[in-house]
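A closer look at the structure
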2 protein chains.
Amino acid sequence: MNQPFQLYNTLFKQKELFEPIVPGRVGLYVCGPTVYGEPHLGHARPAITFDILFRYLTHIDYKVRYVRNITDVGHLENDADEGEDKIAKKARLEQLEPMEVAQFYIDSYHHAMDKLNVLRPSIEPRASGHIIEQIEVIEQILDKGYAYISNGSVYFDVPKYNIDFGYGKLSGRILEEMISNTRELDGQDEKRHPADFALWKKAAPEHIMQWRSPWSDGFPGWHIECTAMSTKYLGDHFDIHGGGMDLLFPHHESEVCQATVVHGKESVKYWMHNNMITINGQKMGKSLGNFITLNQFFIGSHPMLERAYLPMTIRYFILQAHYRGTVDFSNDALIAAEKGLQKLYAAEKLLDKLPAKEKSDENITACIQRCYDAMNDDLNTPKLIAELFDAVRIINSVKENHISLTKEDIELLKTNFRLFFFDILGLLPEENSANNNEIVDGLMKMIVEIRQEAKLNKNWAVADAIRNHLTVLGITIKDTKEGAVWEM
Amino acid sequence: MNQPFQLYNTLFKQKELFEPIVPGRVGLYVCGPTVYGEPHLGHARPAITFDILFRYLTHIDYKVRYVRNITDVGHLENDADEGEDKIAKKARLEQLEPMEVAQFYIDSYHHAMDKLNVLRPSIEPRASGHIIEQIEVIEQILDKGYAYISNGSVYFDVPKYNIDFGYGKLSGRILEEMISNTRELDGQDEKRHPADFALWKKAAPEHIMQWRSPWSDGFPGWHIECTAMSTKYLGDHFDIHGGGMDLLFPHHESEVCQATVVHGKESVKYWMHNNMITINGQKMGKSLGNFITLNQFFIGSHPMLERAYLPMTIRYFILQAHYRGTVDFSNDALIAAEKGLQKLYAAEKLLDKLPAKEKSDENITACIQRCYDAMNDDLNTPKLIAELFDAVRIINSVKENHISLTKEDIELLKTNFRLFFFDILGLLPEENSANNNEIVDGLMKMIVEIRQEAKLNKNWAVADAIRNHLTVLGITIKDTKEGAVWEM
């Protein structure tokens with residue numbers, strides 16, 4: 001399926017037509033979680049953004065190799081080169097083996113992503129599982145002269161890189177301006193220049209995560225893992241690298257430096273960044289007390305939450321905004337999202353019940369094309385959702401016999417509404433045990449009949465009692481020309 | 001909770017009282033899957049066996065670190081040292097990156113294990129993620145003189161080990177007898193002795209999984225990963241090592257050799273092995289056409305399956321046998337298991353409805369003690385299930401007012417029945433959407449009332465119609481002294 005898919009390339013700050021390096025195939029690398037805490041709303045956004053990309057590219061017939069890493073070592077506090085490793089610190093505090101901490105939060109992350117119907121990537125490599133590969137990349141950078149060894153640690157030489165290749169291509173940072181903004185930190189004296197970043201850190205003897213290397217027993221710097229693992233699984237030139245905007249600097253800028261030195265050129269064709277989520281207008285952060293885990297959303301157990309929200313409501317809420325715009329969470333916004341989603345579900349249920357007519361009053365093919373246009377326009381999910389609501393209008397009008405559609409158009413509408421709603425946006429059909437649904441349907445059929453019988457026999461007491469009972473259960477019964485119908 | 005837990009130690013071929021190396025803590029290592037195919041019934045048994053061990057040890061107040069590895073490299077066909085790597089072969093056949101194959105089957109395995117309610121281990125290390133650790137162990141074996149380098153590969157010197165430590169402690173194999181049974185294979189000439197096994201294999205240039213090492217670009221032998229990873233996460237002396245009986249030789253025997261050389265002593269205190277599953281009396285195997293994946297069981301899509309079976313039926317079926325006995329699968333056996341499980345579910349539902357009396361006719365405390373006795377007797381789950389059926393007899397007799405129990409005894413029975421049934425055997429409550437259950441309950445309450453009303457008014461037609469309708473839906477309604485009751 002040849003779709004003119006455009007995406008915004010952060011590298012050139014413009015929308016570009018997507019053209020894969022190898023026809024029919026896409027190599028996609030996305031920065032996954034640092035596993036030292038419960039997954040929260042901030043994890044959901046990149047996961048859902050790149051899930052939509054993965055789903056859409058697959059739908060338009062690309063064979064996608066989607067690599068999303070797990071950072072289980074090397075990511076220091078404050079994203080700087082000093083301070084403690086986030087996972088090792090958590091392990092020390094909780095007196096656990098760091099891998100036990102990492103495994104616990106990997107499992108939590110997977111669990112939450114499954115609930116959000118985020119598809120698993122093709123390969124999910126861990127940083128700690130690719131130490132040899134990282135050492136090899138560091139050796140290459142040293143060989144090419146863009147890194148130096150200092151007291152058993154290895155640092156990337158940013159000023160030298162800046163002269164030869166120009167630093168800041170991705171983030172727009174200018175080296176000279178960065179110096180004055182750099183704080184003084186312990187061990188900073190190992191570096192020749194404050195902007196240099198660690199490729200390998202020598203570990204203190206008591207450090208609980210360390211491996212041997214040509215330079216010291218230590219651990220890799222944070223940025224090197226993505227260069228090593230993307231090269232291993234996608235090669236030295238691949239299509240798309242994604243991540244949250246918070247990773248643009250220093251993480252992705254450092255990746256650009258590393259790859260440029262090792263491969264002699266930038267390895268990524270399109271850089272994509274999703275924007276952040278704010279909470280009531282504020283940045284989300286543990287220190288601000290507005291840090292809400294996904295599980296807290298699902299069960300409603302945070303002081304800021306008025307109640308629990310279904311995973312599909314969270315997913316829909318995020319998709320209502322374009323991935324490059326900010327999303328501001330509030331209870332009101334989530335409740336509004338839930339109502340919107342309910343309308344889509346209700347319309348979807350009507351799809352199998354639409355009456356076919358001789359002619360069509362609406363151009364369904366054009367309507368479908370507008371859905372593709374929205375997705376082709378840099379994954380414009382809010383625009384796609386607006387198109388689905390236009391389809392809802394059509395569905396309801398056909399149901400009420402205000403307009404008509406042919407059998408063929410109804411089939412087109414049905415297939416494509418479900419395609420975009422379920423497969424591409426990845427919104428799951430409403431949760432229900434199929435088995436119990438059948439029983440509820442069967443029981444309701446019987447109850448409707450009993451009520452009908454009672455009305456025929458002018459037994460109003462029974463008919464009213466049934467209606468009242470059902471109201472308590474949240475079921476409404478309506479009398480139509482075709483007989484009584486019910487809905488929850 | 002101090003329980004005199006006994007387990008069968010394969011090393012000494014006898015039941016022994018479990019005494020942890022460090023009071024209150026247990027280090028448990030279990031061989032996990034080689035991820036090159038869909039998880040099948042043979043994967044379910046060790047996973048469930050050691051899940052029960054993990055659950056019981058945790059229940060009796062041990063802090064358990066449960067490590068279960070994933071073999072994603074190094075396991076060659078036929079479990080021998082020659083032939084192709086199972087995962088690399090699958091990747092070559094399907095034209096995928098080996099890690100894409102591994103990831104796919106890791107995800108399938110997790111999915112099936114989640115369905116079977118097998119708890120995730122504390123740490124789930126991958127062989128490919130611990131190459132450095134494996135190289136370090138191989139170096140130690142070389143340093144101690146129990147391995148030799150041959151054409152870039154490294155082999156363990158079994159005859160030398162045999163002289164110094166005595167080979168075959170775990171499996172009872174005698175070195176002299178093994179020689180005559182060894183087939184001639186390609187590359188066998190690299191070995192000094194046919195019983196020697198590979199610690200590191202030099203890779204052919206076209207081999208798609210290889211890492212550098214002091215000896216060659218290659219990959220680790222199959223057995224070394226477990227020694228490297230158990231040492232890393234559990235130390236050089238740990239409590240329990242488990243796995244399927246099929247792994248006893250050569251895999252676990254080789255682990256004993258490696259650990260004995262490296263640590264100067266056996267590192268495992270208790271070795272535990274679960275027995276195999278046969279299908280209609282035959283060994284399960286891809287070539288025999290009786291290879292049934294777990295997913296096929298869950299959806300009933302294999303010619304040998306008469307229908308689908310719920311994951312809990314599979315779990316209960318496996319638990320009905322002691323882990324050291326064989327289990328023979330057949331449709332009849334599974335259907336019988338399902339019936340047994342239904343009786344336990346039915347009794348569990350009555351627990352909240354038992355009438356309390358002045359005195360107790362049964363000794364509930366003794367009954368509970370017999371449940372612990374069963375588990376303390378080398379995880380005797382069939383015995384535990386028999387005790388639960390004795391509890392079912394008590395529950396039904398109390399319900400029918402044939403015997404009586406005090407309020408305190410009913411509470412004891414309730415808590416402990418659920419403890420052993422749900423928490424220790426890990427059988428999940430019957431699957432149902434809570435939400436829909438409430439609606440079904442609400443609708444049924446109304447229907448029962450309508451029927452009652454009809455009968456009072458001698459409106460037999462309506463009463464009978466309701467009963468017939470319900471029968472079609474699989475719901476039976478019974479008139480008791482306390483009024484009408486229904487069940488599915």
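Scroll up a little and you will see the structure.
Notes on the structure follow. Treat the numbers as computed from the prediction; the structure is a model and nothing was measured. (Residues numbered from 1 in each chain as written. Chains lettered and ligands numbered in written order. Predicted model: local features only at pLDDT ≥ 70, side-chain atom pairs only at ≥ 80, totals over all residues. Heavy atoms only, no water.)

**Some remarks on the environment of Pro429 of chain A**
All names here are of chain A. Mapped onto the secondary structure, Pro429 falls in the loop between α14 (407-424) and α15 (434-456). Spatially, the C-alpha atoms of Pro429 and Tyr345 are 7.6 Å apart, while their sequence positions differ by 84 residues. What Pro429 contacts, discounting residues up to four positions off in sequence, is Tyr345 and Phe422. (Helix = DSSP H or I, 4+ residues; strand = E, 2+ residues; numbered from the N terminus. Contact = heavy atoms within 4.5 Å.)

**Section: the relation of the copies chain B and chain A**
Once chain B is rotated about the relating axis by 180 degrees and shifted along it by 0.0 Å, it coincides with chain A to within an RMSD of 0.2 Å. Considering both components of the superposition, the chain copies are consistent with a two-fold axis. Among all residues of chain B, the one whose C-alpha sits closest to the rotation axis is Gly129 of chain B, at a distance of 1.7 Å. A high fraction, 100%, of the interface residues of chain B reappear at the interface in chain A, so the copies pair face to face through one surface. (Least-squares fit on C-alpha atoms with pLDDT ≥ 70 in both.)

**Comments concerning the sheet that holds strand β11 (residues 277-279) of chain A**
Residues and elements named next belong to chain A. The 3 strands lie next to each other as β12-β11-β13, forming an open sheet whose pairing is mixed. Each edge of the open sheet is held by one strand with a lone partner, namely β12 (282-283) and β13 (327-329). Both β11 and β12 contribute to a ladder of 2 bridges, which runs antiparallel. When the sheet's bridge partners are listed, Ile279 is paired in β12 with Gln282. (Pairing = 2+ DSSP bridges.)

**Some remarks on the interface of chain B and chain A**
At the interface, 45 residues of chain B touch 45 residues of chain A. Between chain B and chain A, the buried area comes to about 4100 Å², and carbon and sulfur atoms account for 59% of it. A salt bridge links Glu139 of chain B to Arg212 of chain A; its shortest N-O distance comes to 2.6 Å. Of all the secondary-structure elements, those providing two or more residues to the side of chain B that touches chain A are α3 (98-115), α4 (131-143), α7 (224-234), α15 (434-456) and α16 (460-472) of chain B. (Buried area = accessible area lost by both parts, 1.4 Å probe. Salt bridge = Lys/Arg side-chain N within 4 Å of Asp/Glu carboxyl O.)

**Examining the sheet that holds strand β12 (residues 282-283) of chain B**
Residues and elements named next belong to chain B. Taken together, the 3 strands give an open sheet; going across it, the order is β12-β11-β13, and neighbouring strands pair in mixed fashion. In this open sheet, the two strands that pair with only one neighbour each are β12 and β13 (327-329). Both strand β11 (residues 277-279) and β13 contribute to a ladder of 3 bridges, which runs parallel. Its bridge partner being in β13, Thr278 is matched across the sheet by Asp328.

**Regarding the pattern of salt bridges**
Throughout the structure, instances matching the rule amount to 48 salt bridges over all chains. When the shortest N-O distance is used, the salt bridge between Arg418 of chain A and Asp352 of chain A registers 3.1 Å. Here Arg418 of chain A, found in helix α14, pairs with Asp352 of chain A, found in the loop between α11 (331-350) and α12 (364-376); they are 66 residues apart in sequence, far enough to count as distant. When its relative accessible area of 22% is taken as the criterion, Arg418 of chain A is described as partly exposed. Take Asp352 of chain A: its relative accessible area is 52%, and that puts it in the exposed class. Of the charged contacts, one joins Glu348 of chain B and Arg418 of chain B as a salt bridge, the two residues approaching to 2.6 Å between their closest N and O atoms. Of this pair, Glu348 of chain B sits in helix α11 (residues 331-350) while Arg418 of chain B sits in helix α14 (residues 407-424), and the two are 70 residues apart along the sequence. One continuous salt-bridge network, built from bridges that share partners, spans Glu348, Asp352, Glu411, Lys414 and Arg418 of chain A. (Buried < 20%, exposed > 50% of the residue type's maximum accessible area, 1.4 Å probe, protein only.)

**Structural notes on the state of the cysteines**
Counted by the stated rule, this structure contains 0 disulfides over all chains. Of all cysteine sulfurs in the structure, the one in Cys226 of chain A sits closest to Cys257 of chain A, which takes part in no disulfide; the separation is 14 Å. Cys371 of chain B carries a free sulfur, and the closest cysteine sulfur to it, the one in Cys367 of chain B, is 5.3 Å from it. Cys371 of chain B sits in the buried class, given a relative accessible area of 5%. (Disulfide = S-S within 2.5 Å.)

**Let's talk about the packing of helix α10 (residues 311-319) of chain A against α11 of chain A**
Residues and elements named next belong to chain A. Two numbers describe how α10 lies on α11: the axes approach to 9 Å, and their chain directions differ by 100 degrees. The angle between α10 and α11 falls in the class roughly perpendicular. Listed contacts from α11 to Met312, Thr313, Ile314, Tyr316 and Phe317 of α10 are Ala333, Leu334, Ala337, Glu338, Gly340, Leu341, Leu344 and Tyr345. For the contact of α10 with α11, a count of residues per class yields 10 nonpolar, 2 polar and 1 charged. (Axes fitted to C-alpha atoms, helices over the stretch in contact; angles between N-to-C directions. Parallel < 35°, antiparallel > 145°, perpendicular 65-115°, else oblique. Nonpolar A, V, L, I, M, F, W, Y, C, P; charged D, E, K, R; others polar.)

**Description of the packing of α11 of chain B against α14 of chain B**
Residue and element names in this part refer to chain B. Interhelical geometry of α11 versus α14 gives an angle of 145 degrees and a closest axis separation of 11 Å. For the crossing formed where α11 meets α14, the hand is left-handed. Contacts between α11 and α14 involve Leu341, Leu344, Tyr345 and Glu348 from the first element and Phe417, Arg418, Phe421 and Phe422 from the second. (Left-handed = near helix turned anticlockwise from the far one by under 90°.)

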